[in-house]
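Descriptive structure summary
Residue strings, one per chain:
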Amino acid sequence: MKPTENLSRDTEAVADSLSAMMKREFTSYSCYDGYLNPSDPTMVTADDRKKLVDWCYGVVDHCQLSRETVASAMEMVDRFLSMPSNSADAARVRNEALRDQSKFQLLTIAALYSSIKVNERVALSSELFSEICLRSYTAEEIEAMERTLLNGLSWRCNAPTAHQVGLSILSLILPYVDIPEVTWGFLMDEMKYLTELAVQDYYFSTQRMSTTALAAVFNVFNDTSTKVRRQAIGAFLRVIMECFDFDDSEQINAARRRLNFLAKPDTQEDEMMDDEISLESLEESVETIKASNSSSSHPKRGHEGHFWHEKDELGHEQVVSPSSSLRDISSEKQDSSLHFC
């Protein structure tokens, strides 16, 4: 199976899906402020949370399940602990989980137990989960905590993940760039790896999934592409930022630096990258796109440049550039029939 078969070439459908996922970030699955206070010694810590994420990864790896299930589980935990409680029972459990490592652990176990039922083709029984936990919690305790968790979340347990958003972004780029299948496979694996790292880090629990996804995609192309290809794809990504309701460039850059630090611990977290996004660079990208489309007298750059050759319906070869494709997207984003922006 080719790596790109996991991406969609139907850009209109992908755009609709991405818009829907991002809308849910502002409604059903809003991002709340952080729930941990490092200055309070009575509270659980970000390190406690990371250890539980690592434990969850170990469980799904052993059971040959998707690591994305862990992302869904931790999103449920983070949202439950950060959002206003909707009942006295939820408020009690929230306060206990924030100050009792055992309760925090039980909450995470219950979230993983529930997430597997929602996202996987198989379900693990509460009795099996109790055995996995070495009988630290009974099956009844896990089921009771799951009910409290789901009630506290108003049964909203299917939030989009950063990996899902990242695949949508890559799908929007796919039709317009010439990259070998093996390279696409590597890029997709790296993007998945970065989003998995983000789940471990408490910082990203306070960020929108779309911010994490876009930061991961930017970093992957920055680390693996040639300068010319990086510039071309960077232009795509900046226009995608304009077309959809992503966070501003400052937020994206902060997430990029954090991901870079997680992936390369030897680097400084605040180390600047050579292609950090700015409002000026976004405007320059749009202007570059417009200029590229208004002057097409030199369409003879190779695959490492901005131009590719395709055949029309009559078999005649024509020159296609990602800049012209983006121009079409940008100019038609008010067209409701396109549903891209």
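The paragraphs below set out a description of the structure included in this document. (Residues numbered from 1 in each chain as written. Predicted model: local features only at pLDDT ≥ 70, side-chain atom pairs only at ≥ 80, totals over all residues. Heavy atoms only, no water.)

Across its full length, the protein chain carries 14 helices and 2 strands. Within the protein chain, buried positions represent 49% of all 341 residues. Within the protein chain, contacts between residues at least 6 apart in sequence are counted, and of these 73% link residues at least 24 apart. (Helix = DSSP H or I, 4+ residues; strand = E, 2+ residues; numbered from the N terminus. Buried < 20%, exposed > 50% of the residue type's maximum accessible area, 1.4 Å probe, protein only. Contact = heavy atoms within 4.5 Å.)

In the contact formed by helix H2 (residues 46-62) and helix H5 (residues 101-119), the axes pass within 11 Å of each other and the chain directions differ by 35°. When the axes of H2 and H5 are compared, the crossing they make is right-handed. Where H2 abuts H5, its residues Asp48, Arg49, Leu52, Trp55, Cys56, Val59 and Val60 lie against Gln101, Phe104, Gln105, Thr108, Ile109 and Leu112. Looking at the contact of H2 with H5, its residues break down into 8 nonpolar, 3 polar and 2 charged. (Axes fitted to C-alpha atoms, helices over the stretch in contact; angles between N-to-C directions. Left-handed = near helix turned anticlockwise from the far one by under 90°. Nonpolar A, V, L, I, M, F, W, Y, C, P; charged D, E, K, R; others polar.)

With that settled, the discussion passes to H2. With 17 residues, H2 ought to run about 24 Å at 1.5 Å a step, and its terminal C-alpha atoms sit 24 Å apart, in line with that. When we look at burial in H2, the residues that qualify are Asp48, Arg49, Leu52, Val53, Cys56, Tyr57, Val59 and Val60. Contacts made by the buried residues of H2 are with helix H3 (68-82), H5, helix H6 (126-132) and helix H9 (181-200). Phi for Gln64, located one or two positions after H2, is positive at around 60°. (Expected span 1.5 Å × (residues − 1).)

This paragraph deals with empty space enclosed by the protein. Applying the stated criterion across every chain yields a total of 4 cavities of 30 Å³ or more. In this structure, the largest cavity occupies an estimated 450 Å³ of space. Along its surface, the largest cavity is lined by 33 residues, and Ala71, Glu75, Phe204, Gln207 and Met209 are the ones closest to its centre. Broken down by secondary-structure element, the contributors of at least two residues to the lining of the largest cavity are H2, H3, helix H8 (162-173), H9 and helix H10 (209-224). A per-element tally of the lining of the largest cavity places H3 first, with 7 residues. In terms of residue class, the lining of the largest cavity is built from 13 nonpolar, 9 polar and 11 charged. (1 Å grid on protein atoms, 1.4 Å probe; cavity = no way out; pocket = protein on both sides within 12 Å on 5 of 7 lines; lining within 4 Å. Points joined across faces, edges and corners; volume = space filled by probe spheres on them.)

By the secondary structure assignment, Gln200 is in helix H9. Each residue touching Gln200, except ones within four places of it in the same chain, is listed here: Arg49, Lys50, Val53, Asp54 and Tyr57.

Another aspect to go through is the side chain of Arg208. Within the element layout of this structure, Arg208 appears in the loop between H9 and H10. A polar side-chain atom of Arg208 sits 3.1 Å from a polar atom in the side chain of Asp247. (Polar contact = N/O pair within 3.5 Å; in protein donor to acceptor, adjacent residues only side chain to side chain.)

Here we come to the packing of aromatic side chains. In the structure shown here, the tally under the stated rule is 4 aromatic pairs. For the ring pair Tyr35 and Tyr202, a centre distance of 5.4 Å and an interplane angle of 85° mean the geometry is edge-to-face. On the criterion of sequence distance, the pair formed by Tyr35 in the loop between helix H1 (11-26) and H2 and Tyr202 in the loop between H9 and H10 is long-range, its members being 167 residues apart. Owing to a relative accessible area of 7%, Tyr35 belongs among the buried residues under this scheme. Judged by centre distance (5.5 Å) and plane angle (70°), the rings of Tyr113 and Phe129 are edge-to-face. Here Tyr113, found in helix H5, pairs with Phe129, found in helix H6; they are 16 residues apart in sequence, far enough to count as distant. By relative accessible area, which is 7% here, Tyr113 ends up buried. Geometry around Tyr57 places Arg67 over its ring, the cationic atom sitting 4.2 Å from the centre. (Phe/Tyr/Trp six-rings, centres within 6.5 Å; stacked < 30°, edge-to-face > 60°. Lys NZ or Arg CZ within 6 Å of the ring centre and 35° of its normal.)

Under the counting rule described, the total for this entry stands at 17 salt bridges. One salt bridge in this structure joins Asp201 and Arg258, with 2.6 Å as the shortest N-O distance. Linking Asp201 in the loop between H9 and H10 with Arg258 in helix H12 (residues 249-263), this pair joins segments that are 57 residues apart in sequence. This pair shows no difference in class: Asp201 is buried, exactly as Arg258 is. In this structure, Asp247 engages Arg208 in a salt bridge whose closest nitrogen and oxygen atoms are separated by 3.1 Å. Of this pair, Asp247 sits in the loop between helix H11 (227-243) and H12 while Arg208 sits in the loop between H9 and H10, and the two are 39 residues apart along the sequence. Residue class for Arg208 comes out buried when judged on its relative accessible area of 9%. (Salt bridge = Lys/Arg side-chain N within 4 Å of Asp/Glu carboxyl O.)

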